[in-house]
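Examination of the molecular architecture
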Amino acid sequence: MKRRTFLAFVAPSLFMMLAFIAAPLVSVFVQSFYETRAAFEQTVVENCTPGFLAPTCTKETRTQAKLGPNGKPVTETVYVGLDAYRRILSPDAVMAALSAGGEGIAAILKIDFWRALRFTLTFTLITLPLVIGLGLAIALAVNAMVRSLRGPTIFVTLLPFIITPVIGALSIRWLFLGDGILTRAIEWVVQRDISMFAQGWTIEIMMLIYKVWHVAPFAFVVFYAALQTVDQDTLESAIVDGASRGERLRYVIIPHLAPLIAFVALIHLMDSYRVFDEIIGFASQAHVISLQYLTFSFLTPDETGNRAITRAAASSMLTMIGIVLLLVPLLRRTWREQRGRR
Amino acid sequence: MTDIRPRALQPPLWLRLTSNGFLVVWLVIALFPLMWITLMSLRQPIDALSANPLDVIFGKLTFDHYKAVWVTNGFWRNFLNSLIVTAGVVSVSLTVGTLAGYALARTPGALAFWLLILALIFRALPHSVLVTGYVPMFLNSRELLQPLWDAPILGGVLSWFSASAPTLYGKPWAVIAVLVAINQPFTIWMMRSFFQNIPAELDEAALVDGCTHFGAFWRVIMPVMWPGVITTGLFSFLLAYNDYLVTALLLDAQSQTMVPGISQFLNRETRAADQIEAIAAAVSITAPLFVLVMVFQKQIVSGLTAGAVKG
């Protein structure tokens, strides 16, 4: 295909990506250094009260909102440098917590950003092996079952994956909420009253369960498809050589699946780093928040209708740096594969 | 059906039992939450929230909560908004993505390679980062875009569409554009892998016969590309339909779609019926997806594996 034809075909897609992904990215970067706020001016006001001989006068400087010609408050955009970043990361508080007399990690985790980062990372890293393990187990089990039942099994397995994330999280929450059926089941087992929504760690466990429930089907489908293409000759020669079932799994099947495990890991890292819908579904913001939720909360108007755009931009940039650091090793791998193939 | 595999490959009995037992447990886990909330949504509050699970299972059937959600609370408006947004996203996303995917599949050059890497990086971006960029633009778009409307020739063309520069906030078509863009990286990767499976000889023959590249695409490739388009379309549908973050921040109350719309039921759980109404709304949102999996199971499976197995 000639370069010009190629560009003509790609142009609409490229335009969409540049206009709606690249351009906002640049604007977020710039915004994180500027703050738009109501302009204030200082005026000197002289107050006089009548007194004997001479009135008593006091001068005071007042700070008041500057009003434009039409009586509306004037806004100004000022360069604030790294202020927004400093407010989010609060390096002073972190240093204080880490110094000799500080309270250590616990104090740091009270700061919103660090709290969000801690949850986002643990969430991503704990669910990753669980999703891959459960997906693989289901794939192996379906692969071993009678053919006629595979269709319905795949149908049911796909349901948790296809469901709207917020709704999926809600449905799990309702099973536990108040005297929900699963809360009662646990109460019956441990023989005491429990409340699943009173403390952070129980909510976190429910979120982990939800995420594994939601994503394992995706891993399953990918692994299941790959199991259909395992080289039967290799498998048979492994049997002839006396390999046990476990050895065949370990030395023939797993290596065959290895690139796909990497693929699922890559996709899952990208997606679970974005954890957000779970926070909404479980209404966990009082106990647990994620990086995306932090930005979302800055962008939601507060009681006075203001949105903290600058802080949202700064927290977005920090979120992005995080995902880049997390993905660099995996992206380099994909790159090498694509290069090698050409 | 009998197992046709050689005897040595057949698993021993204990392994088959464990494996099938495990599957049964998994299927129950996969289905239970959805089944249970569907049951709850069809019961009177006293049965649905009862301490005895049997009340939920055998309680009296009622559709009151659905009526309250759809008629009294006007959830049909959110449904229409969802319909508009998803239909827009699917059609635009496929048109744009198909063309790009085709070109990428047929071009081995470095340019195509870099474009794909760029798309992969865009795919990884958390959506909140992008939305942060949109929010101020969308709120102030009237002032920001006004110069375009004042421009000599372009302004004349643009004023055909609207008299003055629009405020993008709360406009479904603006959200469609945003969701299409967010979806592009995924769409072009997927369409590319589908087109790579269509032999290049097909369009080369058409080119030899004197077709232009676009002509070859239109006459030869279009008729055979539908399986790929349907699969990719399904995933675009899911992205648009399931989105919360973008629609919650860029649409106002009148133009809100179903998924963020559900929060109106969540934030007022004071009566016993309120929670059940929220559950009925949740089930309403899930029902179309259920139908979707039933009809398109094969395409979804092929789509999930296309990116992975064929590369």
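Treat the numbers as computed from the prediction; the structure is a model and nothing was measured.

Scanning chain B from N- to C-terminus turns up 17 helices and zero strands. In summary, chain B has a C-alpha radius of gyration of 25 Å against a globular reference of 19 Å for 311 residues, an excess of more than 25%. Across chain B, contacts joining residues at least 24 apart in sequence account for 69% of those joining residues at least 6 apart. Element-wise, carbon and sulfur atoms account for 71% of the exposed surface of chain B, whose accessible area totals about 14200 Å². Considering chain B, the positive charge centre built from 17 side chains and the negative charge centre built from 15 side chains are found 7 Å apart.

This brings us to the overall build of chain A. Looking only at helices and strands, one finds 14 helices and four strands in chain A. Computed over C-alpha atoms, the radius of gyration of chain A comes to 29 Å, more than 25% over the 20 Å expected from 2.2 N^0.38 for 342 residues, which places it beyond the range of a compact globule. C-alpha atoms of chain A, sized along the principal axes, occupy 120 × 75 × 45 Å. Here chain A holds 342 residues, and the buried ones make up 47% of them. Put simply, 67% of the contacts in chain A that link residues at least 6 apart link residues at least 24 apart. Accessible surface for chain A amounts to roughly 17300 Å². Of this, 62% is attributable to carbon and sulfur atoms. Each charge class in chain A can be summarised by its mean position, and for the 31 positive and 24 negative side chains these summaries are 9 Å apart.

Now for the packing of aromatic side chains. The tally for this structure, following the rule as stated, stands at 33 aromatic pairs over all chains. The interplanar angle of 25° and the centroid separation of 5.6 Å between the aromatic rings of A:F220 and A:Y224 together place this pair among those described as stacked. In this pair, A:F220 and A:Y224 both sit in helix 9 (residues 200-227), four residues apart, roughly one turn of the helix. Assigned by exposure class, A:F220 and A:Y224 land together as buried. Across the ring face of B:W189, the terminal group of B:R192 is positioned such that the distance to the ring centre comes to 5.5 Å.

What follows concerns the pattern of salt bridges. Applying the stated criterion across every chain, the model contains seven salt bridges over all chains. Among the ionic pairs, B:R123 bridges to A:D271, the shortest N-O distance being 3.4 Å. Taken together, the residues B:R123 in helix 6 (residues 110-124) and A:D271 in helix 11 (residues 245-273) connect one chain to another. For B:R123, a relative accessible area of 17% corresponds to the buried category.

Here we come to the interface of chain A and chain B. At the interface, 98 residues of chain A touch 107 residues of chain B. Between chain A and chain B, roughly 9000 Å² of surface is buried when both sides are summed, and carbon and sulfur atoms account for 78% of that area. On the chain A side of the contact with chain B, A:F9, A:I162 and A:W174 bury the most area, a combined 9% of that side's loss. By residue number, the principal contributor to the side of chain A that touches chain B is helix 1 (residues 3-31) of chain A, which donates 19 residues. Taken together, the residues that form the side of chain A that touches chain B break down as 68 nonpolar, 18 polar and twelve charged.

Residues and elements named next belong to chain A. When the domains of chain A are assigned, the result is domain 1 (63-110) and domain 2 (111-341). The distance between the C-alpha centroids of domain 1 and domain 2 comes to 34 Å. On the side of domain 2, 13 residues touch domain 1, which itself brings 13 residues to the contact. Both faces combined, the contact of domain 1 with domain 2 buries some 1200 Å², and carbon together with sulfur accounts for 74% of it.

Our focus in this paragraph is the environment of B:L130. By secondary structure assignment, the location of B:L130 is in helix 7 (residues 127-139). Placed 48 residues apart in sequence, B:L130 and B:V178 show a C-alpha to C-alpha distance of 9.1 Å. Filtering out sequence-adjacent residues up to four positions away, B:L130 remains in contact with A:F20, A:I21, A:P24, A:L25, B:L125 and B:I182.

Before going further, it helps to spend a moment on the confidence of the model for chain B. For chain B, the average pLDDT comes to 85, and 95% of its residues sit at 70 or higher. Here helix 9 (residues 152-158) of chain B is the element of chain B with the lowest mean pLDDT, 78, and helix 5 (residues 75-106) of chain B is the one with the highest, 93.

All names here are of chain A. Tracing the sequence through the fold places T120 in helix 5 (residues 112-144). On the accessibility criterion, T120 (0% relative accessible area) is buried. As for T120 and S290, which are separated by 170 residues in sequence, their C-alpha atoms are 5.4 Å apart. Those residues in contact with T120 that sit more than four places away from it in its chain are Y273, V275, S290 and L291.

The subject of this paragraph is the packing of helix 10 (residues 232-240) of chain A against helix 11 of chain A. Residues and elements named next belong to chain A. One can describe the packing of helix 10 onto helix 11 by two numbers: an axis separation of 10 Å at closest approach and a directional angle of 150°. Compared by their axis directions, helix 10 and helix 11 come out roughly antiparallel. Judged by the twist between their axes, the crossing of helix 10 over helix 11 is right-handed. Residues T234, L235, A238 and I239 of helix 10 lie in contact with helix 11, whose contacting residues are R248, V252 and I253. For the contact of helix 10 with helix 11, a count of residues per class yields five nonpolar, one polar and one charged.

All names here are of chain A. Positive phi outside glycine occurs at Q191, with the angle close to 60°. With respect to the helices, strands and loops of the structure, Q191 is situated in the loop between helix 8 (181-190) and helix 9. Classification of Q191 by relative accessible area gives exposed; the value is 62%. You will see that A283, though not glycine, has its phi angle at about 45°, which is positive. In this fold, A283 is placed in the loop between helix 12 (277-282) and helix 13 (291-299). A relative accessible area of 40% places A283 in the partly exposed class.

A:W174, A:F223, B:F195, B:F217 and B:I262 are the most contacted members of the largest nonpolar core, which has 190 residues in total. When residues of this core are sorted by domain, at least three fall in each of domain 1 (63-110) and domain 2 (111-341) of chain A. For B:F195, the contacting residues outside a window of four places in its chain are B:T98, B:G101, B:Y102, B:A105, B:R106, B:F217, B:I221 and B:M225.

Residues and elements named next belong to chain A. A cluster of nonpolar residues, V26, F29, V30, Y34 and Y79, forms a patch on the protein surface that exposes about 510 Å² of accessible area. Counting residues per element, the nonpolar patch draws most heavily on helix 1, at three residues. Assignment of secondary structure puts V30 in helix 1.

Glancing now at the pairing of strand 3 (residues 56-65) of chain A. Residue and element names in this part refer to chain A. As paired elements, strand 2 (residues 40-49) and strand 3 share ten bridges and run antiparallel to each other. Bridging from a neighbouring strand, V44 pairs with T61 of strand 3. Where strand 2 folds back onto strand 3 in an antiparallel hairpin, the turn is made up of six residues, including L53, whose phi is positive at roughly 70°.

Calculation rules
Residues numbered from 1 in each chain as written. Chains lettered and ligands numbered in written order. Predicted model: local features only at pLDDT ≥ 70, side-chain atom pairs only at ≥ 80, totals over all residues. Heavy atoms only, no water. Helix = DSSP H or I, 4+ residues; strand = E, 2+ residues; numbered from the N terminus. Rg over C-alpha atoms; globule rule 2.2 N^0.38 Å. Contact = heavy atoms within 4.5 Å. Areas by Shrake-Rupley, 256 points an atom, 1.4 Å probe, with all protein chains shown as cover. Lys, Arg positive; Asp, Glu negative; His and termini not counted. Charge placed at Lys NZ, Arg CZ, Asp CG, Glu CD. Buried < 20%, exposed > 50% of the residue type's maximum accessible area, 1.4 Å probe, protein only. Phe/Tyr/Trp six-rings, centres within 6.5 Å; stacked < 30°, edge-to-face > 60°. Lys NZ or Arg CZ within 6 Å of the ring centre and 35° of its normal. Salt bridge = Lys/Arg side-chain N within 4 Å of Asp/Glu carboxyl O. Buried area = accessible area lost by both parts, 1.4 Å probe. Nonpolar A, V, L, I, M, F, W, Y, C, P; charged D, E, K, R; others polar. Domains from an automatic or database assignment. pLDDT = per-residue confidence, 0-100. Axes fitted to C-alpha atoms, helices over the stretch in contact; angles between N-to-C directions. Parallel < 35°, antiparallel > 145°, perpendicular 65-115°, else oblique. Left-handed = near helix turned anticlockwise from the far one by under 90°. Core = buried A, V, L, I, M, F, W, Y, C linked by side-chain atoms within 4.5 Å. Patch = residues over 30% accessible without salt bridge, like charges linked within 9 Å, V, L, I, M, F, W, Y side chains within 5 Å. Pairing = 2+ DSSP bridges.

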